[in-house]
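Residues per chain, in single letters:
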Amino acid sequence: MASSVNHVTIDCADTYRLATFWAEVLDGRIGDDDLPGDPEALVESDGVSLLFIAVPEGKAVKNRIHFDIRPTDRGRDEEVERLLALGATLVADRRRPDGSGWATLADIEGNEFCVERSAAERAAAISVATETGTEAEAATATGTGTGTEAATEAEAETAA
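Position labels on residues start from 1 in each chain and follow its written sequence. Per-residue local features of the predicted model are confined to residues with pLDDT of at least 70, and side-chain atom pairs are confined, for both listing and counting, to 80 or more; whole-chain, interface and lining totals are unaffected and use all residues. The side-chain quantities take in all heavy atoms of the structure and omit both hydrogens and water.

Caption draft 1: View of the sheet that holds strand 7 (residues 103–106). With mixed pairing, 4 strands are arranged side by side in an open sheet as 5-8-7-6. Two strands lie at the open edges of the sheet, namely strand 5 (67–69) and strand 6 (89–93), each paired on one side alone. Pairwise comparison of adjacent strand axes, ignoring direction, gives a mean angle of 30° for this sheet. Taken together, the 4 bridges between strand 7 and strand 8 (residues 112–115) define a ladder with antiparallel strand orientation. For Leu 105, the partnering residue across the bridge sits in strand 8 and is Phe 113. The sheet contacts of helix 2 (residues 76–86) involve strand 5, strand 6, strand 7 and strand 8, and relative to strand 8 the element is tilted by about 145°. Strands are labelled as partners when DSSP assigns at least two bridges between them. Under the DSSP-based scheme used, a helix requires at least four consecutive residues in state H or I and a strand at least two consecutive residues in state E, with every element numbered from the N terminus. Axis definition: a line fit to C-alpha positions, over the contact stretch in the case of helices; interaxial angles, taken between N-to-C directions, run 0 to 180 degrees. Two residues form a contact once any of their heavy atoms are found within 4.5 Å.

So this is what it looks like as structure tokens:
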């Protein structure tokens with residue numbers, strides 16, 4: 001037997017405002033019975049349900065868990081620009097000249113999340129790496145294999 005995650009719960013100051021932001025990010029929908037000023041708000045999207053709960057204390061330290069999001073209908077850089085226009089802020093830019101890497105942003109209440117390359121961008125990088133015949137480049141392109149990108153990300157997050 002096992003359990004499943006019903007939704008991810010996020011403590012915040014303004015449930016409806018933060019739910020509205022994340023509904024835009026995820027192309028999700030806010031529950032019909034969730035209104036401004038409510039103590040909780042639920043966002044449902046294809047990949048995840050997020051429950052926002054009002055708490056009296058503000059965010060004080062770096063998140064111990066964060067979302068890594070991957071754009072579905074545009075490239076990473078376009079998605080970063082879209083999210084900045086929604087009110088996110090750029091915390092750290094780990095994008096590399098070769099197209100790999102990610103951008104760390106914060107939502108409108110300061111919760112960090114990362115924007116990775118789209119599936120199409122990853123596929124293109126794999127194709128180029130395969131054509132050049134370098135296994136290390138293919139592992140970097142996919143973010144798998146040697147774990148180098150994941151290790152670099154962990155080191156960068158620790159340093160931040």
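Caption draft 2: Structural detail: helix 2. Within helix 2, burial applies to Arg 76, Glu 79, Val 80 and Leu 83. Mapping the buried residues of helix 2 onto a view down its axis gives an arc of 105°, with all of them on the same face. Of the residues in helix 2, the exposed ones pointing more than 90 degrees away from the buried face are Glu 78 and Ala 85. Where helix 2 ends, the next residue or the one after it, Gly 87, has phi of about 120°, a positive value. Only protein chains enter the area calculation, which uses a 1.4 Å probe; residues under 20% of their type maximum are buried, those over 50% are exposed, and those in between are partly exposed. Each direction from the helix axis to a C-beta atom contributes to the arc, which is the arc of those directions.

Caption draft 3: Representation of the sheet that holds strand 2 (residues 29–30) in the model. Here we have 4 strands laid out as an open sheet, ordered 1-4-3-2, and mixed in their pairing. In this open sheet, the two strands that pair with only one neighbour each are strand 1 (8–12) and strand 2. Pairing of strand 2 with strand 3 (residues 40–44) involves 2 bridges; the strand directions are antiparallel. When the sheet's bridge partners are listed, Ile 30 is paired in strand 3 with Val 43.

Caption draft 4: Expanded view of helix 1 (residues 15–26). Given the number of residues in a helix, its expected span is that number minus one, multiplied by 1.5 Å. For helix 1, spanning 12 residues, the distance from its first C-alpha to its last is 16 Å, which sits close to the expected 16 Å at 1.5 Å a residue. Listing the buried residues of helix 1 in full gives Thr 15, Leu 18, Ala 19, Phe 21, Trp 22, Ala 23 and Val 25. After helix 1 finishes, the residue Asp 27 shows a positive phi value of roughly 55°.

In short, the description is geometric, and any link to function would need to be established separately.
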